[in-house]
Structure formats: C-alpha cells, structure tokens
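Listed here are the chains, written in short residue letters.
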Amino acid sequence: MKILVGVKRVVDYNVKIRVKADNTGVETANVKFSMNPFDEIAVEEAVRLKEAGKVSEIIAVSLGIAQSQDTIRTALAMGADRGILVQTDVDLQPLAVAKLLKAIIDKEAPSLVLLGKQAIDDDSNQTGQMLAALLDWPQGTFASKITVTGDGIEVIREVDGGLETVALTLPALVTTDLRLNEPRYASLPNIMKAKKKQLDVITPADLGVDVTPRLTTLKVEEPPKRKAGIKVADVAELVNRLRNEAKVIP
Ligand code: AMP
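The rules behind the values
Along each chain, residues carry numbers from 1 onward, in the same order as the chain's sequence is written. Thresholds applied to this predicted model are a pLDDT of at least 70 for local features of residues and 80 or more for the giving and counting of side-chain atom pairs; totals over whole chains, interfaces and linings are not thresholded and use all residues. As a rule here, side-chain values come from all non-hydrogen atoms in the structure, and water together with hydrogens is ignored. Each salt bridge in this description consists of a side-chain nitrogen of Lys or Arg and a carboxyl oxygen of Asp or Glu lying within 4 Å of one another. The helix and strand labels rest on DSSP assignments: H or I over at least four residues marks a helix, E over at least two residues marks a strand, and numbering proceeds from the N terminus. The buried label applies to any residue whose accessible area, calculated with a 1.4 Å probe on protein chains only, is under 20% of its type's maximum; exposed applies above 50%, and partly exposed to all values in between.

A. Local environment of the pattern of salt bridges. Summed over all chains, the structure comprises 17 salt bridges. Here Glu44 ties to Arg48 by a salt bridge, and the two come within 2.7 Å at their closest N and O atoms. You can see Glu44 and its partner Arg48 sitting in helix H1 (residues 37–51), four residues apart, about one turn around the helix. With relative accessibility at 2%, the residue Glu44 sits in the buried group. Measuring nitrogen to oxygen at the nearest pair gives 3.7 Å for the salt bridge that ties Lys219 to Glu221. In this pair, the class of Lys219 matches that of Glu221, namely exposed. Residues joined by salt bridges that share partners form a network here, namely Lys2, Glu57, Arg82 and Glu108.

Below you can see the structure in the form of structure tokens.
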C-alpha cells in the first residue's frame, strides 16, 4: 500500500506571533518555520505503518514557496521515501490545496492519504474534508488510532464527548489528532540520507489547477489584552464582587 502525506510549512509553534503593523497578516520575516505539528504526526504514523510492513512507499507532498522543500526534507529524514513540491508564491487556501492534492492523487493512486487535522497557521481544518469530498473517498477525521484491517482501516476518532470508531474501505483519507502518536526526531544520519532522496518540483499549472484565492483577508488583529486578575481577602469579598461587580451570581 502506498501512502501520501501532506506536509505544510508553517511558523514554528514556539514563535510568539506578531501581527504586522498594517494589519494585513502576521509577521513572517526572520521567523522560524517548521513542519505543521499535525503533519509530523501524519508522517510518523505513515512511517510506523511502513515499519510494521503494511506500507510499501510514503510520498510527502508540500504546496507552497520554494523553502517548503525543507519541510519535505524533514519528512524524508523521518522516513518518507520521496517528495513532491508544488511550488507557487500564491497564498494557497484550503480549496486550492485540496484540488492540487487531488490532481497528484489521481496520478499517484495512493491507498491512504494522511493529513493533519489542521494547519496551525490558518487553523482552517478544511483541507482533509474538502479533499475527501473531491475524491469521493471515505474519511476519518481527528484520528487518535489507525488500525489496518483485512481490506481497509479502522479509525478511532476524537469527537465531542468521547471516541468514535469508524471502519473505512480503501482508498481512504485520514486526518490526524494530537494523541495519535509522538513523532520521532530525525537522526543526523537520516537527515544526511534524506538529501539524496527524490524530490520532484512541479507547478500548479503542471497539474492544471487554478489556485487563485477566493477569500480576501480584510484585517488581522491581536486578540484583546486580558485585564490583570485581582486577589480577594476572603470568601465574603469574593461573593460580594461576583454579585455586585461581575454580576455573574444573583
Ligand atoms: P487546514 O485545512 O489548512 O487546516 O490544513 C489541514 C491539513 O491539510 C494540514 O495539516 C496539511 O496536512 C494539509 N495541508 C494544508 N495546506 C497544505 C500545504 N500548503 N501543503 C501541504 N499540506 C497542506
């Protein structure tokens, strides 16, 4: 079985995000970028399935600017076999990403597509669902466990109030949640080996996909600053303040 994994280059989760002075977006100059954490989980899961002998090839795909090659190299160092970069300077929105991935999937014919449940930069949580719809494939979103069964997979999903288990026939699409696994760090020898692995660079035009943005960002703002808390002397004062100042109790 062949697996395709989506790996997005995003601002590292440790970076303190700053909004640009003109409110058009967030500051990306001189900021560390890394693989989207949920995509690291997707790569890790694919590598574990390969180590268990259930997978023959893992293809890591990224869509974005030339530097997204670094993100693919990280996936290759973790254990993916080859990479595809769809290079574009256009700010890609989830529908465009889903269409580009569909075009690659039509050519590569993987049995399983693994994406993150969301990218931590746009927090859209849309690409996997849109892609499954475009492909007309079964989907298991927010996966916390994936088991390969006889002719398909079983996915335990994190849903409001508990866990849901779904059985999917292959080919299928799964998006990863935080508890699925703990991704490995790539070792130095594997980072060196990854430099020699195949990485093809193509463009949206090669795939015949129009990636023109459909949504316009009007404004990006910092969340309102929280007011400092206060200390109360005793329970009586707490009740008094909750009743008369916060007005949250009768
Ligand atoms: P989103 O719908 O934007 O929150 O993204 C969900 C998932 O789709 C991510 O975790 C990735 O696996 C995949 N994805 C989104 N954008 C890209 C991209 N530009 N390149 C590769 N994968 C992507």
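B. Highlighting unusual backbone geometry. With an omega dihedral of 0 degrees, the bond running from Leu170 to Pro171 counts as a cis peptide bond. Within the secondary structure, Pro171 is located in the loop between strand E9 (162–169) and strand E10 (172–176). Despite not being glycine, Asn30 shows a phi value in the positive range, around 55 degrees. Checked against the element boundaries, Asn30 lands in the loop between strand E2 (9–11) and strand E3 (33–35). Accessibility expressed as a relative area gives 84% for Asn30, which makes it exposed. With a phi close to 50 degrees, Asp123 is a non-glycine residue in the positive phi region. For Asp123, the location among the structural elements is in the loop between strand E6 (112–116) and helix H4 (127–135). In this structure Asp123 comes out as partly exposed when scored by relative accessible area, which is 45%.

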